[in-house]
Every structure is written in C-alpha cells, then in structure tokens.
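What the coordinates show
The primary structure of each chain is shown beneath.
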Amino acid sequence: MDEASERSFERFVATEGTALLRFAYLLTGGRDTAEDLLQSALERCYRHWRRVERADRPDRYVRRVVANAAVDRWRRRRPADLPLSAVPEPAGADATEALLARDELVRALRLLSPRQRVVVVLRYVEDLSEVDTAALLDCSVGS
C-alpha cells in the first residue's frame with residue numbers, strides 16, 4: 001500500500017473507530033470480542049483499502065465487513081455460547097432507568113437470530129434506512 005492510502009486508512013480509523021467499536025460491541029455483547037471482531041474486519045479492509053476508499057461510503061463498506069464477520073463467527077459457534085452483556089450506559093442517564101432499558105434491550109436482542117440482530121442494530125442503533133440496511137447486507141429490502 002502506498003503512503004497516501006496508508007494515511008487515508010489511519011484517518012478513517014481515527015474518525016470512525018469509536019463508532020465501529022460500538023457497532024461491533026452491540027453485535028457481540030462483549031468488549032474483548034468486539035475489539036477482536038473489529039480488528040479482524042479492519043485487517044481485511046486494510047489489505048483492500050484502495051478499493052474500500054473508492055466506495056461511495058467507506059464507513060458502510062467497513063460496517064458490512066464487520067457484520068459479515070460477526071455472522072461468520074456466530075455460524076462457527078453455538079448461539080448459547082455467545083454472551084451478550086449490557087449495552088453501555090448513555091451519558092447523563094438516570095442509573096436505574098438506564099439499567100432497566102439496557103436489560104430490556106439485551107434480553108430482546110438475545111431472542112433474535114444473529115442476522116436479525118445485525119439488522120436491528122443497523123436500523124435502530126446505527127439509524128440506517130431500510131434501503132441502506134438492505135444495501136449494506138446485500139439483500140432485498142423485503143428480506
């Protein structure tokens with residue numbers, strides 16, 4: 001990779017890294033697992049960065065890589081083996097209300113299949129439209 005592309009990748013990770021880690025965390029439910037998942041996805045993207053940075057939305061391209069890597073990981077493991085800890089507390093929220101909301105969210109996410117969990121996180125946490133979610137996951141809107 002040339003120096004300009006390497007700098008471009010570093011800038012991308014510096015600006016999008018926190019949001020990508022949050023996305024991975026919501027998919028995996030654990031910080032260590034999320035960091036591993038994101039690291040793996042970023043390694044894949046780094047190897048093909050010239051193509052990734054030419055995409056209309058490199059951030060969405062990388063999210064797709066993260067989502068696909070999460071689904072691949074779930075396929076290799078039984079769902080019962082996948083921990084899903086509480087979602088980080090929003091800043092300034094009342095502790096009791098935040099705990100109840102996180103607990104409710106975690107229990108609801110555990111009921112979903114891995115692919116459904118990806119869709120819910122993309123739609124309602126990442127705030128993507130149905131069309132954008134379908135495009136990111138390379139499926140039809142009706143799926």
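Positions within a chain are numbered from 1, following the residues in the order the chain's sequence is written. Local features are withheld for residues below a pLDDT of 70 in this predicted model, meaning they are given only at 70 or higher, and side-chain atom pairs are given and counted only at 80 or more; totals for whole chains, interfaces and linings count all residues. Computation of side-chain values covers all heavy atoms of the structure but excludes hydrogens and water.

**Notes on the overall build of the protein chain**
- Here a helix means four or more residues in a row that DSSP labels H or I, a strand means two or more in a row labelled E, and each is numbered from the N terminus. When you go through the protein chain residue by residue, the secondary structure sums to seven helices and zero strands.
- Start at the N end of the protein chain and walk to the C end: the helices and strands fall as α-α-α-α-α-α-α.
- Remark: exposure states derive from per-residue accessible area (1.4 Å probe, protein chains only) relative to the maximum for the residue type, with buried under 20%, exposed over 50%, and partly exposed in between. A burial count over the protein chain gives 37% of its 143 residues as buried.
- Excluding contacts between residues fewer than 6 apart, the proportion of contacts in the protein chain whose partners are at least 24 apart in sequence is 59%. By definition, residues are in contact when any of their heavy atoms lie within 4.5 Å.

**A few points about the confidence of the model for the protein chain**
- How sure the predictor is of each residue is captured by pLDDT, a score from 0 to 100. When pLDDT is averaged along the protein chain, the result is 82, and 86% of the positions lie at 70 or above.
- The lowest-confidence element of the protein chain is helix H5 (residues 95–110), averaging 76 in pLDDT; the highest-confidence one is helix H2 (residues 31–47), averaging 93.
- Here residues 79–84 is a poorly scored stretch, pLDDT under 50, and it has eleven contacts once near neighbours within four places are set aside; other chains count.

**Comments concerning the pattern of salt bridges**
- Each reported salt bridge corresponds to a side-chain nitrogen of Lys or Arg within 4 Å of a carboxyl oxygen of Asp or Glu. In total, this model carries ten salt bridges according to the counting rule given.
- Taking the shortest distance from any N to any O, the salt bridge between Arg 31 and Glu 35 comes out at 3.1 Å. One end of the pair, Arg 31, and the other, Glu 35, are both in helix H2, four residues apart, so they sit about a helical turn from each other.
- For Asp 59, the salt bridge is made with Arg 63, and the minimal N-O distance between the two is 3.9 Å. Residue Asp 59 and its partner Arg 63 are both found in helix H4 (residues 58–76); the two are separated by four residues, about one turn of the helix.
- A relative accessible area of 6% means that Arg 63 is categorised as buried.
- Overlapping salt bridges, with partners in common, bring together Arg 22, Arg 57, Asp 59, Arg 63 and Glu 126 in one network.

**Some remarks on H5**
- Working rule for helices: expected span equals 1.5 Å times residues minus one. Between its first and last C-alpha, H5 extends 22 Å over 16 residues, near the 22 Å set by a 1.5 Å rise per residue.
- Taken together, the buried positions of H5 are occupied by Ala 98, Arg 102, Val 106 and Leu 109. Viewed along the axis of H5, the buried residues span an arc of 65 degrees, placing them on a single side of the element. Of the exposed residues in H5, the ones pointing more than 90 degrees away from its buried face are Thr 96, Glu 97, Leu 100 and Glu 104. Think of the arc as the fan of directions from the helix axis to the C-beta atoms.

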